There are 2 protein chains.
Amino acid sequence: MMQPIHIEHTSAPKPRPKASDIGFGKYFTDHMFILDYDDGKGWHDARIQPYQPITLDPAAKVFHYGQAIFEGLKAYRTEAGNLVLFRPEMNIKRLNRSNDRMSIPVIDEELVLEALHQLVLIDQTWIPHEPGTSLYIRPFVIATEDMLGVSPSKQYKFMIIMSPVGAYYDEGVKPISIYVESEFVRAVAGGVGHVKTAGNYAAGLKAQEGATLQGCAQVLWLDGVHRKYVEEVGSMNVFFHLGDKIVTPALTGGLLPGITRDSVIHLLRYWGLKVEERLFSIDELVQVQKDGNLKEMFGTGTAAVISPVGSLVWKGETLTIGDGSIGELAAHLYETITGIQTGRIEDPFGWRVVLK
Amino acid sequence: MMQPIHIEHTSAPKPRPKASDIGFGKYFTDHMFILDYDDGKGWHDARIQPYQPITLDPAAKVFHYGQAIFEGLKAYRTEAGNLVLFRPEMNIKRLNRSNDRMSIPVIDEELVLEALHQLVLIDQTWIPHEPGTSLYIRPFVIATEDMLGVSPSKQYKFMIIMSPVGAYYDEGVKPISIYVESEFVRAVAGGVGHVKTAGNYAAGLKAQEGATLQGCAQVLWLDGVHRKYVEEVGSMNVFFHLGDKIVTPALTGGLLPGITRDSVIHLLRYWGLKVEERLFSIDELVQVQKDGNLKEMFGTGTAAVISPVGSLVWKGETLTIGDGSIGELAAHLYETITGIQTGRIEDPFGWRVVLK
Ligand SMILES: Cc1ncc(COP(=O)(O)O)c(C=O)c1O
Ligand SMILES: Cc1ncc(COP(=O)(O)O)c(C=O)c1O
């Protein structure tokens, strides 16, 4: 039987940020969910509490050995006034795949779903009303044992915090420029690139700084072994529209199996289009671009949903993709996925989970 | 000019653990060092305080994106009653190389050395007296800004905590058994394996669990590209004594430049022995073992100093190295390095830094 969730309501609700000021991940709602783990006792004491700081010993393992994983999903307001999650079971499964890879005990999936449900409802007034806005939900696990040996922690905290997010595309979807990274590597098969562990993101910061210096918004990551197969764009999966088919890198171990990626593949096939999950090299990418066969390129992820790529910087050259506006397929995917999320259109795959 | 270190002494010194109970990294001394970083202000407010928990927002970046690095060194009691550090400037330089790779602002090296100095002196009664014991010192940096964007934190804490450690080889040096890992990869050139960032250690836990199941003490890591060149043993560098020379993996980007590794190379060359830093494949290792030419294999690191390897498990086969006791060269290195550290022998390279 699922353990109960104890609820302590805040006595001091925080002021809401102005819609224009929301941004991403800066403001947090009034409550948070916590679940503790102790060796021998398992995961215990599920509770919702007022959002508050946590106190840890300076020797807590998360600070030293990075045993930490997370997820990212959103709650949406539909036009009919419902609150929905988008495929949360996919995030919960990935959460446990990440846990397993990082030697963290897995968590009851039903309990996580129930925690998401209750927490979103408690803080539902935090979900903004403006078009394109939503509530970002961040489940995460950290190792808390205060011991410096390099071994799996005997204590953990699983927490869920939430943050209202403004419209990603405030002034319409604008294609971004991408820097093809040839010095730094994000991940390698056999490593941890296929799970959402904290260290992957720190490892990518240096390259991101380099891309910014080159005037680019994001990095295109190549694989760590051959340094030639395209893996991801920043923290997004990536798709290429070539001739009559769509290509996306296969899940070879170095990239995250994104939930938006999975949704995009489903939709494209549902529409009768040909999708290939395979190795796709930077050389092939450059060639199809030069041949005029690269119709569209876009990133996919929970934050931006679809993020069209307008240009690539590779070996000092800038390759332009499309005409500087969002491509047809990307636009259709964006409208469809956000449409399903906000209830504007029908949900043929049962992706919406209605909370109320 | 170096900023001053403000000191607040504890009013409640903790009881000391019993010598037999000390172990590694379980007990912490009475004081700790903290230095804060804020964007625009730099590193500020250097202070020594009573050892105490730290309070962070659940959105602190270290929990989510693993922006964290650390160092590990020891303070030793010499037979003459002095307190010494061993090559601390090497740790401080590596600390800043790690900072730089992880997009963390570098720290004034003189201040770090002064902090080590003052902190060890304040807690000097925590350094055990038994042979083989010492005080382990753990400098570390964590990203503390409470914001969920994937970008370098605008706030950090640099801290130093210390823990008394028991004799590593309580019952004499015993060679360990090693599992050659062929599924999981620790690091890859272009990544972060050459710096001491937290995520590297979480990434290695799963393989370590596998090695334990195989009855082995540690993992032998192979490179992430060819899956064949030897890189490290657990969290140690590794050396092979073959015929009349000693081979150790070259610093190709996937392994940490250990300070013990550097000291071992210096000593071996000082003794007129031939040291090769180069690629060394698992195939070559198996071959020299089969040919009877592998005289010794040992790991090197601050914790164990020298850790002889007695056997290797590779593709279901167990390869024995030496006769189950510590080899001649390993023993000589162990005696020399611990001798320099504890003042038992002369210090030809100026490696000791005497604190008092
Ligand atoms: C490294 C990485 N790749 C891809 C994605 C996209 O995944 P999803 O579509 O599940 O948000 C994310 C974001 O979660 C990510 O962090
Ligand atoms: C991954 C790794 N390799 C090697 C070493 C050995 O380095 P050192 O001799 O500086 O302790 C360590 C320990 O610090 C380590 O963490």
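Residues numbered from 1 in each chain as written. Chains lettered and ligands numbered in written order. Predicted model: local features only at pLDDT ≥ 70, side-chain atom pairs only at ≥ 80, totals over all residues. Heavy atoms only, no water.

When you line up the elements, A203(A) lands in helix α4 (residues 198-203). Classification of A203(A) as buried rests on a relative accessible area of 7%. For the pair A203(A) and D223(A), spaced 20 residues apart in sequence, the C-alpha separation works out to 14 Å. The residues contacting A203(A), other than those within four sequence positions of it, are R101(B), M102(B) and V192(B). (Helix = DSSP H or I, 4+ residues; strand = E, 2+ residues; numbered from the N terminus. Buried < 20%, exposed > 50% of the residue type's maximum accessible area, 1.4 Å probe, protein only. Contact = heavy atoms within 4.5 Å.)

The next subject is the interface of chain B and chain A. It is common to give the size of an interface as the accessible area lost on bringing the parts into contact. Counting from both sides, the interface comprises 58 residues of chain B and, opposite them, 58 residues of chain A. Inspection of the chain B/chain A interface yields two salt bridges. Where D100(B) meets K206(A), a salt bridge forms, and the shortest distance between an N and an O atom there is 3.2 Å. Applying the counting criterion to the chain B and chain A interface returns 21 residue pairs in polar contact (both at pLDDT 80 or more). The set of elements that each furnish at least two residues to the side of chain B that touches chain A consists of β4 (54-56), α1 (61-65), β5 (68-70), α2 (88-101), β8 (134-143), β9 (155-165), α4 (198-203) and α5 (205-213) of chain B. A per-element tally of the side of chain B that touches chain A places α4(B) first, with five residues. Among the residues forming the side of chain B that touches chain A, the class breakdown is 35 nonpolar, 13 polar and ten charged. (Salt bridge = Lys/Arg side-chain N within 4 Å of Asp/Glu carboxyl O. Polar contact = N/O pair within 3.5 Å; in protein donor to acceptor, adjacent residues only side chain to side chain. Nonpolar A, V, L, I, M, F, W, Y, C, P; charged D, E, K, R; others polar.)

Time to look at the relation of the copies chain B and chain A. The transformation that overlays chain B on chain A combines an axial shift of 0.0 Å with a rotation of 180 degrees, and the residual RMSD is 0.0 Å. What the rotation and shift describe, once combined, is the action of a two-fold rotation axis. Here 100% of the contact residues of chain B are again contact residues in chain A; the copies associate through an equivalent surface. (Least-squares fit on C-alpha atoms with pLDDT ≥ 70 in both.)

A few words now on helix α8 (residues 328-341) of chain B. Residue and element names in this part refer to chain B. Between the first and last C-alpha of α8 there are 20 Å, a value that for 14 residues agrees with the 20 Å anticipated at 1.5 Å per step. Most of α8 sits out of view: ten of its 14 residues are buried. Residues of α8 that are buried: L329, A330, L333, Y334, T336, I337, T338, G339, I340 and Q341. Looking one or two places after α8, you find G343, whose phi comes out positive at around 75 degrees. (Expected span 1.5 Å × (residues − 1).)

What follows covers the pairing of strand β15 (residues 274-278) of chain A. Residues and elements named next belong to chain A. Looking at chain direction, strand β14 (residues 245-249) and β15 are connected through five bridges and run parallel. Each residue of the ladder has a partner; that of T248, found in β15, is E277. The β-α-β motif built from β14, the intervening helix α6 (residues 259-270) and the parallel element β15 has right-handed crossover chirality. (Pairing = 2+ DSSP bridges. Right-handed = clockwise from strand over helix to strand, strands pointing away.)

Attention shifts here to the domain arrangement of chain A. Residues and elements named next belong to chain A. The assigned domain composition of chain A is domain 1 (6-165) and domain 2 (176-342). Placing the centre of domain 1 and that of domain 2 at their C-alpha centroids yields a distance of 27 Å. Facing the 22 residues of domain 1 at the interface are 21 residues of domain 2. Both sides of the domain 1 and domain 2 interface together cover about 1900 Å² of buried area, and 60% of this is carbon and sulfur. For the domain 1 face of the interface with domain 2, the top three residues by lost area are F70, F86 and R94, together amounting to 32%. There are one salt bridge connecting domain 1 and domain 2. Residues R87 and D262 are paired through a salt bridge, measuring 2.9 Å at the closest nitrogen-oxygen approach. Where domain 1 packs against domain 2, one counts 13 residue pairs in polar contact (both at pLDDT 80 or more). (Domains from an automatic or database assignment. Buried area = accessible area lost by both parts, 1.4 Å probe.)

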